Each structure stands twice: as structure tokens, then as C-alpha cells.
Amino acid sequence: MSAVLEVEDLHKSFGGIKAVRGVSFSVRKGEILGIIGPNGCGKSTLFNCILGQLDPTAGRVRLNGEDVTGLRPSDLNRRGVGRTFQLLQVFPDLTVRENLILAGQEHHGSMIGRLFGPRDAGLTASADTMIGFFKLDHLADAKAGGLSYGQQKLLDAAMAFMAGPQIVLLDEPAGGVNLTMLASLKERLRAMNEELGATFVVIEHNMEFVMSLCTRVVVLAEGAVLAEGTPAEVRANPAVMEAYLGH
Amino acid sequence: MSEFLAYLIVGIATGSIYALAAIGFTLVWQTSQTINFAQGEFVMLPAILVLLAVKLLGVPIPVAVLIGAAAFVLIFGVGFKRAIVDPMLPHGVLPLAIATMSLAIIMKEGAKDGFSAEAQSFPSPFAADTVSILGTAVSVQFIMIIVVAFASIAALQWFVTRTRTGRQMQAAAQNPNVARILGIPVERMVMLTFIINAALAALASFLISPIYLAKFSNGETIGLFAFIAAIVGGFNQVRGALLGGILVGIFDSLAAAYVSTSYRLAVPLALLVLIILLKPEGLIGRKEERHV
Amino acid sequence: MTAETDTAPAALAVRRPGGRIDAALVTILAGALILWFAPVGMGRYGTYVLTLWLVMAIAVMGLNLTLGVAGLKSLAQAAFMGIGAYATGLLTAKMGLSWYPAFAISAVATFAVGLVVGFPALRVKAHYLAFVTLAFTSLVWLFLRNEQWLTGGTFGLPNIPRPTLLGTRLDDALSFHRFVVVVTAALTLMIWWLMRSPWGRAFLALRENPVRAASLGVDVRAYTLLAFAIGSAYGGMAGALYAPLVEFIDPSPFAISASFFLLLMVVAGGSGYLFGPFIGALLGVVLPEWLRFTGGLYLIIFAAIVLLLLIVCPKGVLGLAEQALGAVVRRFRRTS
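Each chain carries its own residue numbering, running from 1 in the direction its sequence is written. In the order they appear in the text, chains get letters beginning with A and ligands get numbers beginning with 1. Since the coordinates come from a predicted model, pLDDT governs what is reported: local features require at least 70, and pairs of side-chain atoms require 80 or more to be given and counted, while whole-chain, interface and lining totals use all residues. Working from all heavy atoms in the structure, the side-chain values ignore hydrogens and water.

Our next topic: a nonpolar patch on the surface. What makes a patch is a set of residues exposed beyond 30% relative accessible area and free of salt bridges, joined within 9 Å when like-charged and within 5 Å when nonpolar (Val, Leu, Ile, Met, Phe, Trp, Tyr). With residues, only the protein chains shown are counted as cover, and all accessible areas are computed by Shrake-Rupley using a 1.4 Å probe. Salt bridge, as applied in this entry: a Lys or Arg side-chain nitrogen positioned within 4 Å of an Asp or Glu carboxyl oxygen. A contiguous nonpolar surface patch, about 500 Å² in accessible area, is contributed by C:Leu33, C:Trp36, C:Phe37, C:Val40 and C:Val182. Helix and strand labels come from DSSP, where a helix needs a run of H or I of at least four residues and a strand needs a run of E of at least two; each type is numbered from the N terminus. The dominant element in the nonpolar patch, judged by the number of residues it contributes, is helix α2 (residues 18–37) of chain C, at 3 residues.

Our focus in this paragraph is the confidence of the model for chain C. Residues and elements named next belong to chain C. pLDDT: the predictor's confidence for each residue, scored from 0 to 100. When pLDDT is averaged along chain C, the result is 84, and 92% of the positions lie at 70 or above. By definition in these notes, contact holds between two residues if any of their heavy atoms fall within 4.5 Å. Here residues 1–21 is modelled with pLDDT under 50, and outside its nearest four sequence neighbours on either side it reaches 10 contacts, counting other chains as well. Here the prediction assigns the complex a pTM of 0.86, and the interface score ipTM is 0.88.

The topology assignment puts B:Gln237 in the loop between α9 (219–233) and α10 (238–258). Classification of B:Gln237 by relative accessible area gives buried; the value is 14%. The rule is simple: take the accessible area with a 1.4 Å probe, protein chains only, and divide by the maximum for that residue type; under 20% is buried, over 50% is exposed, in between is partly exposed.

In the case of a regular strand, side chains alternate between the two sheet surfaces. Residues and elements named next belong to chain A. Only strands that DSSP links by at least two bridges are regarded as paired with each other. Bridging between strand β9 (residues 216–221) and strand β10 (residues 224–229) involves 5 bridges; their strand directions are antiparallel. Across the sheet, the residue bridging to Val-217 is Gly-229, located in β10. Counting the residues in the hairpin turn of β9 and β10 gives 2 residues, including Glu-222, whose phi is positive at 50°.

It is common to give the size of an interface as the accessible area that goes away when the parts come together. With 37 residues of chain B at the contact, the number on the chain C side is 40 residues. Put simply, buried area is the surface a 1.4 Å probe can reach on two separate parts but cannot reach once they are joined, added for both. Summing both partners gives a buried area of about 3600 Å² for chain B against chain C, and 81% of it is carried by carbon and sulfur. Our enumeration of links across chain B and chain C arrives at 0 salt bridges. The term polar contact refers here to a pair of N or O atoms within 3.5 Å; inside protein, the definition further demands a hydrogen-donor-capable atom paired with an acceptor-capable atom, and it admits residues adjacent in sequence only when both atoms are side-chain atoms. On inspection of chain B and its partner chain C, the count reaches 3 residue pairs in polar contact (both at pLDDT 80 or more). Elements with a minimum of two residues in the side of chain B that touches chain C: α1 (2–32), α3 (61–88), α4 (93–114), α9 and α11 (266–278) of chain B. Here the side of chain B that touches chain C gets 11 residues from one element, more than from any other, and that element is α4(B). Looking at the side of chain B that touches chain C, its residues break down into 30 nonpolar, 4 polar and 3 charged. Classification used: nonpolar for Ala, Val, Leu, Ile, Met, Phe, Trp, Tyr, Cys and Pro, charged for Asp, Glu, Lys and Arg, polar for all others including Gly.

Let us look at the packing of aromatic side chains. Ring pairs are drawn from Phe, Tyr and Trp, using the six-membered ring of Trp, whenever the two centres fall within 6.5 Å, and their geometry is named by plane angle: stacked under 30 degrees, edge-to-face over 60, tilted for the rest. Under the defined criterion, the tally for this structure stands at 33 aromatic pairs over all chains. Seen in terms of ring centroids, B:Phe25 and B:Phe227 are 4.9 Å apart; in terms of plane orientation they differ by 50°. Their pairing is tilted. In this pair, B:Phe25 sits in helix α1 while B:Phe227 sits in helix α9, placing the two residues 202 residues apart along the sequence. For the pair shown, B:Phe25 and B:Phe227 are each scored as buried. Taking 5.2 Å as the distance between ring centres and 75° as the angle between the ring planes, the aromatic pair formed by C:Trp99 and C:Phe179 counts as edge-to-face. Residue C:Trp99 is found in helix α5 (residues 99–123), and its partner C:Phe179 is found in helix α8 (residues 173–196); the two are separated by 80 residues along the sequence. Here C:Trp99 falls in the buried class, since its relative accessible area comes to 5%. The exposure class assigned to C:Phe179 is buried, which follows from its relative accessible area of 11%. Each member of the aromatic cluster is reached from another via a ring pair, and the members are B:Phe25, B:Phe37, B:Phe227, C:Phe131 and C:Phe260. Sitting over the ring of A:Phe85, A:Arg83 keeps its end group 3.8 Å from the ring centre. In this scheme, the term charge over a ring applies when either NZ of a lysine or CZ of an arginine sits within 6 Å of the ring centre and within 35 degrees of the ring normal. Here the basic side chain of A:Arg188 rests over the ring of A:Phe133, its NZ or CZ set 4.9 Å away from the ring centre.

A separate point is helix α6 (residues 164–174) of chain B. Residues and elements named next belong to chain B. Looking only at α6, the buried set comprises Gly-166, Gln-168, Met-169, Ala-172 and Ala-173. Each buried residue of α6 sits inside an arc of 160° when the element is viewed along its axis, so together they form one side. Counted as exposed and oriented over 90 degrees from the buried face of α6: Arg-164 and Gln-174. At its buried positions, α6 is contacted by α1, α5 (140–162), α7 (176–181) and α8 (186–212). The residue sitting at the N-terminus of α6 and contributing the capping side-chain oxygen is Thr-163; that oxygen lies 3.0 Å from the backbone nitrogen of Gly-166. Think of it as the arc spanned by the lines of direction from the helix axis to the C-beta atoms.

Laid out in C-alpha cells, this is it:
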């Protein structure tokens, strides 16, 4: 199968500190890749370099074979890279539906067309489909700020998928979510993958969440890839245990 | 050449006064995110208060200076923070910035209506002699301004880096939450920066008013130059504000001499725009890396 | 399908885009109608103050867009007003052009200058923009004051003609007032349209959370520049109306203090609200006129009122009104 996202020998230093040193991996279409590692292993820096938030010191990022290294986050998104953030990032003053329309509107037509076109940029129907998929129907017209934390987390994920991206990168989706909500989030993400063929990368702290959701796992330690394989292989790898327990 | 040297010394002297205002400006900005648009008026008013004390109370100048400085620090150090900054800060930076703009209008118009619309002479504490430096006659006044301003800034720097209270103040400015956990009385430290700001403004006022006379509208230029100095130097440090102030003073002095007087103001402004475009973190500020 | 699911979308449709927005439209049209007849019996000076209020409201509306909507702290609005006023003044009084093309040129020119000045907005943090724009305002003011051959310097630019409509010049206060009412209503409708379009949503996202907005494909650079340029063009158009209103312009109303004043009006009225600028300009233009009886003290009293207002309600008059309304609604809900 073809690789949607390829990261090739990525490096990032801050002054003298090397946060990421030569990370390479690729994500195949329809795959859920987990990236795990102990605190300070360079996960977030790696993510920020892939997503154009930071400029990598060296290395390449390719999307469907095309070099996208150093593109601005908005350009990257319009080429089909969706993301969520570690902390919740919905727009509290907009309704759930408006949040989703916002997440999709920049992907259709020209700016001028949007100015004179319909108010919802023709996206009400697809927003409502997404709302249905994430089981937020009764909340479509509620202000996002009034939702519970777990519901906002679902909306946050839904926004990342709204524009029909090639790949979505989720930054610690399980953080701060209670167990019931975690189960439904995981269930929805898996449905996203199985029913719609969505490809995504999950950075997580929560080992259990990653191991039960992902098809393949990359383990980072001290800014480099320590191990790679299926959840079972990684779990059996003594070096991984060492890295986690050693810290 | 000797003419150039004279302008340079005048520039350094006025620049060190701008630096005093700029340091206060950055201190207050760091501890409470207050962009004080009345900073220029803060430098204008103390001299007016002193003249007012002389006029109303008939006290001699040194006593009036003490009264003026004390009243100013009380009202525009402690009072400013209590009455304006504290109630507005929770609502964001912008309403507070606008409030300081209103305060600037009140101070300016108050000085005009309550004292005088005309420029008044303000006595200089220094002798009116000149000394010869490298064959150039330089007024003692300018030399003394430089000495006093630098001594004050050095004392402030010593206080901030070498004393316990000063270090607590720095900690409160850099990370109030951590400081609070460490048991530093953050509130008191923030108040201290407002008091220091008012004191620096008063000092700047007493140094600059003998040169430019005391006038209600003085704040406009002084405030503008203090902002420019703070940004040019790099918003977050005493050293930066000092460097910025002196640069602005020199640019202004040389512009007055060698560029047309009608476009004199344009030179420091151009410096500001250049710095913001080319090195937005300031000449010796810290850079933050993040894309949007 | 149950009856409940049948009625649900209909019930939503009432609350959806429609509701409040149509109220805004009705308010604009009703306001224009009231203002059309308002000056009857007010006399020349009263009419002039009313017209000046609308002209300032246009400038404040533009700044409200750049600041209240897109979150850019600009201190350049007075300069854009000055550019618009001088462009219109020079084109009509000195070059004999009709007001309409002069108005269009002023709008386009300030839009273009806005794009250029807005460029630093992309590079620097928010509070730095205040200082870049402050520098710009000072430079424009210096130019207007110093280039006497063009602008007349401090002596000003006299004899700026009023526009003509259907062959008659709008020389009397009432007919020019009505002309301004129509222009103001049209420009308010444009902002209303802009704010409810997808652009309005993008502007809001930009102000609330630019990093998240970018991750959703919102082109931060393009929208930031546009917000700034459109806001600037409103300043230019306000200037293009201001010049024929006062018929004589000099550099003083376009200095830094005027930019502060405009910013103050945005915040005092309620930044981000569609009608905030009208309230803000009412405070900034009409209140000082009412305070005239206090003589030289009017400015100090005005500033004190604004300061108190901000301490009491930092979100401006409309912010306070919304809070009060919310409280009433909650009480009503609880009792019913």
C-alpha cells in the first residue's frame, strides 16, 4: 500500500539541545499509527515539525510523495492534513454546527466566492452528517462553549475530519477525558477508520488507549525511534519497557 | 566634528532620560501586561506638581520637589494600580490600554486647566557652566544628567539582581504562578514595580523639565520616545530599555541637527519601524519561535 | 418518523441564521429612516453634529472590524481618515473632480495603503502592531503638516465642495445630512453582510484562536490583511465624507490623539458588536458637544466619563447591555 505521510530523517534542535534526532517513519493509507514515548522524548516537537508549527532543522516531510516540509499550517491543512491539539481547541462562541462549517469552509471555492456565496458555504448538510457521525445531533445548535468536556473533545475530533482530510494527526486525544467518554471517543475513531477509511496518527501518553486503537506503533525515546511494530510486538520489546521504567 | 560631539552628548543625555521612562514602562508591562499610554504624561506631570507646590504652598524648591515626588508616587504609583489597573486587568489588555489613554487626556488637560497652558521654566539643580571635552564646550547640565540617570539605572539593576526583594520581583514578573507557589508575595512585588515606575518617571521629569521647560503637552513626544526606546531595546529587559533610550536620544539629537527640523520626528519613527520589521524581538531581546 | 423529529428542524430554523440577524437588518433600515427625519427643526448646528456622528461612526466601524472582529490593535485609523479626507479634498477642490470618483479613489487608495501597513501585522505580536501603526499615523501627520505645496500645511485646505445629486449641490445641512445617512446605511449593510458571510466566521476564528484557525485551513495572512485593509478603507471613506462636511481641513484632526480617540470609541461602544461603533461615536462626538457648557473642561470630563465607564463595564456599553439582558432573561426563565 502507498504511504500517505512519510517522515524522513527529521531533526530539530533548539540552540544546543537536540529534541528530535533523525526520526523516520511512514503512514500507509487506512492505517492508525500510534506514536508513544516517555515524557520529553520529542513527541510534541516532532508533531509540531510535521505540522508546520516549527521549522525542522533537517529532514523531509512528504504527503502522498509530495514534499510539504515547512509549509504553513493553513496550507498544509488545505492539502489534506487535519489535526487536533493537546488542549481543547473549539470556538466556544460558535455553535457546534458553525464550528464544523468553519472547519470545512476554507476547502471549497475561492475567497471572493465565499464572500458572496451562501452563509454556510454550502456545508450545512455535510456538517450535519459529521454531527450525526459523532453523535452530537441534539447539540447542533448549542454553543460549543456550553458542551461538556467530553462532548467538546468529540467536536474537536470531528472538526479535524470535516474537510475530508488525507490524514489526521491527533495530539493526545485521551488527555483529560473520563473513561466512559474515552470508550466512545475510541469507538468513533475506529468507526471513522473502518467505515470511512480515514488514516490517522495518534500521539498518546495513555498506553492502553494506543495499544487498543492503533494498528502499528512507533516508540520514541530521547528524540529517536526506539522500536516499531504492532502493539503486541512493541509490548514484548524489552527495550521499550526499559525506556518507560528507566525514566 | 566638535559640533557632532556636542550633539552626541545632548543625545545621550536626553536618551538616558527616555531610558528612565522606558524602563518603568517595561517593568509595568512585564508584571501586569499594562501598556501605559499615559507614560509620557507620567513624565510631564511631576515637574508641574512641584511648580504647583511652590505656587500654592510657597515652599522652597527642594521641599517642593519632595512634596511633588511623594504626591506623584502615591497617586500615580499606588493609586494608579489600585483604582485603574486592578479592576480592569481581569478583562483583558485592551480596555486597560484604552483606560490609560483616557488617563493621559485627563492628566494633560488637568495640567493645562489646573496649572498653565504656557511653558514654565523649571530650575536646574546643576550649575550652568560648560566644560571642555576634546575641544568642545559641553554644558555641565548634560553631563550631570547622564551621570544621575546612569547612576539610578545602575542602582536599579543592582536592586533587581542583587537583593532578595529585587529577585523576588523578577520572579513575580517572569512567572507569577510559580512565584506564588514559592511563597513570593506577588501582589506586593507588582505594586513595587508601579512605585518604581512612578519614581523613575518623577526623576525623568525633574531631569528633563529644565531643558524642555514644564508644559502640559510635553508628554506626547516623551511618551512616544519611551515606547520606541522600549521596543528598540527589546521590551523585556532593563538593559534593552537603556540601550533603546540612548539610541533614540542620539537619533533625535542628530536628526534635529542634520535633517530638516520639520521631519525631525520621522527619524526615530523610522528606526522603530525598521526594528519592528527586521528584529521584532528588539536589539537584545529574546526571540520566540512559533509559526501561525 | 415521529412528530417530534418532524417539528425539530422547523423549530431550529427559526433560531438558526435568521432570528437575530434579521433584527440587525431591521435596525439598520429603521435607524436610517429615523435619522433621515431626525434633524427636522434641529437647526444648522444640530444637524452638523448629527452628520459628524455618522461620519465618525463609519471610521469607528472600520476600526471595529480590524480590532473588534479580527483582533488587530491599530492606531492608524485617524491617518486613514486623513488620507481619505485629503485625497477627496485635493481631487474635488483643486482638480475639480466630482465627489463620487473622489470617494471611490479614497476608498481604493486607503484599502491599498492598508494592505501595505497591515503587512507588519503578520510579522509582529499584537501589541507591537499598535506601535507600528502609531508610527505610521505620526508620519502621515508630519507629511500633511510639512508638505505645504500639496496640503496647504497648517493653513489647511479650504473650499472643499459638497457633492452634487441630480444636478443640485447639497449645500444645505439637511440635504447633505440625508446624503450621509444613505451612505452610512449602505456601508453598515456591507459590514453586516461581511460579518454573516463565511469571512465573518473566519475573522472571528482569527481573533479567538489563530493557531487553531490556521490548522483548519484559514489563511491567517490573507484574512488578517483583508480585515486591516477593509477597516482602513472605511477610515478613508469616512474621511471622504468628513472633508465636504466641514469644507475646510487641516492636519490637526488626524493626529495620534485622534487615533486614540477612535480606538476609545470602539471599546467604549462595545468592540465586536455591529452597532457598537454608533454608540461609541455617540459618546465621542455628541457627548463632548453636550459638555460644551463646561468650557475648557469638556475634554477632561469626557475622558473621566469614559474611564469610569470602562472601569464599570470593560466590554463597553453594548457589552453591559448584553449582560443586563442576559440577567433579565435568566430571571424570566426562572419565574416562568
